[in-house]
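Coordinate analysis (summary)
Residue-level listing of the chains:
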Amino acid sequence: MRVLGIESSCDETAAAVVEDGTRLLSNVVASSMDLHAKYGGVVPEIAARSHIESITPVVEQALSDANCTWDDIDAIAVTYGAGLGGCLLVGVMTARTLAITQNKPLYAINHVEGHVYANFLTETNMEGYVLPTEAPKFPLLALIVSGGHSQLVLFKDHFDYKLLGQTHDDAIGEAFDKVAKILGLPYPGGPSLSKAAEHGNDKAFKFPKAKLEAPYDYSFSGPKTAVLRAVQQMCGKDHDFPSFKLAELLSESQIADVAASFQRTAVETVVDKTVKAFEEFSPASVVIGGGVAANKELRKQLSERLPIEIHYTDPKLCTDNGAMIATLGCYSALNNRSTADPYSIDIAPQLSM
Ligand code: KG4
Ligand code: ZN
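Criteria and cut-off values
- Within any chain, residue numbers begin from 1 and follow the written order of that chain's sequence.
- For naming, the first written chain is A and the first written ligand is 1, with later ones following in the order written.
- It should be noted that, the model being predicted, local features are given only for residues of pLDDT at least 70 and side-chain atom pairs only at 80 or more, the latter also being counted only at that level, while totals for whole chains, interfaces and linings use all residues.
- Excluding hydrogens and water, the side-chain figures rest on all heavy atoms present in the structure.
- Note that water is not among the atoms used; donors are N, O and S atoms within 2.8 Å of the metal (3.2 Å for Na, K and Ca), so sites may look incomplete.
- Where helices and strands are cited, they refer to DSSP runs of H or I of at least four residues and of E of at least two residues respectively, numbered from the N terminus.
- Whether a residue is buried, partly exposed or exposed follows from its accessible area with a 1.4 Å probe, protein chains only, as a fraction of its type maximum: under 20%, in between, or over 50%, in that order.
- The nearness test applies per residue and asks whether one of its heavy atoms lies within 4 Å of the molecule or strand.
- Identification of polar contacts relies on pairs of N or O atoms within 3.5 Å, with a donor-acceptor requirement for protein atoms, meaning one able to donate a hydrogen and the other able to accept it, and with residues adjacent in sequence counted only if both atoms are side-chain atoms.
- The Shrake-Rupley method, run with a 1.4 Å probe, gives the accessible areas here. Residue values count only the displayed protein chains as cover.
- Residues are grouped as follows: Ala, Val, Leu, Ile, Met, Phe, Trp, Tyr, Cys and Pro are nonpolar; Asp, Glu, Lys and Arg are charged; all remaining types, including Gly, are polar.
- How far each domain reaches was decided by an automatic or database domain assignment.
- Note on definitions: buried area is the accessible-area loss of two parts on being combined, 1.4 Å probe, summed for both.
- Salt bridge, as used here: a side-chain nitrogen of Lys or Arg that lies within 4 Å of a carboxyl oxygen of Asp or Glu.
- Note on contacts: a residue pair is in contact if any heavy atoms of the two residues lie within 4.5 Å.
- Here, a strand pair is defined by DSSP locating no fewer than two bridges between the strands.
- A fitted line through C-alpha atoms serves as each axis, taken over the contacting stretch for helices, and the angle formed by two N-to-C directions is quoted from 0 to 180°.
- Roughly parallel means an angle under 35 degrees; roughly antiparallel means over 145; roughly perpendicular covers 65 to 115; every other angle is labelled oblique.

Right, let's get into the coordination of the zinc ion (ligand 2). The protein atoms that coordinate the zinc ion (ligand 2) are His 111 (NE2), His 115 (NE2) and Asp 320 (OD), at distances spanning 2.0 to 2.1 Å. Read from N- to C-terminus, the donor residues coordinating the zinc ion (ligand 2) fall into the pattern H-x3-H-x204-D. Of this pair, His 115 sits in helix α4 (residues 111-117) while Asp 320 sits in the loop between α9 (296-305) and α10 (323-334); the two residues are 205 residues apart in sequence, bridging distant segments of the chain. When sorted by exposure, His 115 lands in the same class as Asp 320, which is buried.

Not every one of the 18 residues close to ligand 1 is listed here, only the nearest: Gly 147, Asp 177, Gly 190, Gly 291 and Asn 295. At 3.2 Å, a backbone N or O of Gly 148 approaches an oxygen atom of ligand 1. Within the complex, the protein chains bury 86% of what would otherwise be the 560 Å² of accessible surface of ligand 1. Partitioning the shell around ligand 1 into residue classes produces four nonpolar, twelve polar and two charged. Taken domain by domain, the shell around ligand 1 gets at least three of its residues from each of domain 1 (2-132 + 315-334) and domain 2 (140-311).

Turning next to the domain arrangement of the protein. Domain annotation for the protein reports domain 1 (2-132 + 315-334) and domain 2 (140-311). A C-alpha centroid distance of 26 Å is found between domain 1 and domain 2. In this assembly, domain 1 packs against domain 2 so that about 1,800 Å² is buried in total across both faces, 70% of it on carbon and sulfur atoms. Three residues stand out in domain 1 for area buried against domain 2, namely Val 112, Val 116 and Cys 318, and they jointly supply 27% of the buried area on that side. Here domain 1 and domain 2 share zero salt bridges between them.

Another aspect to go through is helix α5 (residues 172-182). Ile 172, Gly 173, Ala 175, Phe 176, Val 179, Ala 180 and Ile 182 are the residues of α5 that are buried. Each element contacted by the buried residues of α5 is listed here: β7 (140-145), β8 (150-157), α6 (189-197), α7 (221-235) and α8 (252-281). Gly 184 occupies a position one or two residues after α5 and carries a positive phi of about 70 degrees.

Another point: unusual backbone geometry. Look at the link from Phe 138 to Pro 139: it is a cis peptide, with omega at -5 degrees. Along the chain, Pro 139 falls in the loop between β6 (123-124) and β7. Note the cis peptide between Tyr 187 and Pro 188, where omega equals -5 degrees. With respect to the helices, strands and loops of the structure, Pro 188 is situated in the loop between α5 and α6.

With mixed pairing, four strands are arranged side by side in an open sheet as β9-β8-β7-β10. Looking at the sheet topology across the chains shown, the edges are occupied by β9 (160-166) and β10 (285-289). Across this sheet, the average inter-strand angle for adjacent strands is 20 degrees, counted without regard to direction. Across six bridges, the pairing between β7 and β8 is antiparallel. The residue bridging Leu 140 from the neighbouring strand is Phe 155, located in β8.

All right, on to the packing of α5 against α8 then. In the contact formed by α5 and α8, the axes pass within 11 Å of each other and the chain directions differ by 170 degrees. Relative to α8, α5 is oriented roughly antiparallel. Here Ile 172, Ala 175, Phe 176 and Val 179 of α5 lie close against α8, whose contacting residues are Phe 262, Gln 263, Ala 266, Val 267 and Val 270. Taken together, the residues that form the contact of α5 with α8 break down as eight nonpolar, one polar and no charged.

Printed below as a string of structure tokens:
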């Protein structure tokens, strides 16, 4: 069973071929990130136009890297939500067209669910990938932490899951990106904030963790505002002073200390909930997915505090990619999930788990 996965929900145009839900044959990602850097965030129209330019060569490269022709492909899987409307459209229209012209079954994939499935890839001949040696087992506790989502989900089996909790406001990756902006760190904020944090004192500041009634819900807008207030205070400025100018008044060590303290608090917030859910539900495996799953501090804290071993996947499979979509496509086919009608399937920008 070989599935071609197509992903275009945000600023990555991606395609990959996965075999039997475990073997990664190719993984091609073209990012328009550089085009967004000067705006400090993804500009939807620029991202969508860039997908149009990249999608055909990316799909062709994914097939050729996997040494596959269309005859070797059993199905196509595509992200149909959640994501940016114009961006999703490009991937979905491409997949629809290919499903019709190549006569292949089409699976419509939920992007957030897809992030979990990056962890099922255990084999590859491709260089530069460090994959877990065994696939996760059910019941499976999944922490999904990306730029658009922060969710804790309990899977009883494939396609049989329950959302335990989610963020009330900003996603954790979004909070990393916004705090990085306050600190004048380059886009994308998550990786640059965690790099700056390496030289900082993570106890220098005590940022609050939101207390919510629902046991597995999060909130990141409070800690983000606390960072802004702390930085204003350090600079001797109030809300009248433009926040984008604050970073110029900070020393490198001040930036490092704020970054490290914020990172520790944000990571602790999701790790606290994951540990609590582990104690309540006793899952056989725990996995993490989404861009923030590449974060070293998150991996460190989880490994220290959970009593089971976590098999982390390669950071390249944490950020958006086609492999996670192809993998979930394989399990959709293997579990006889219904296929999408290539003549009518639509995008679902607000899709949730
Ligand atoms: O999963 P993803 O590629 O896209 C979404 O589905 O949102 O996640 C992107 C997010 C961004 O907010 C980015 O700053 C964050 O993941 N991110 C990180 C790291 N690498 C990416 N955040 C913290 N530490 C990292 N190493
Ligand atoms: Zn994502």
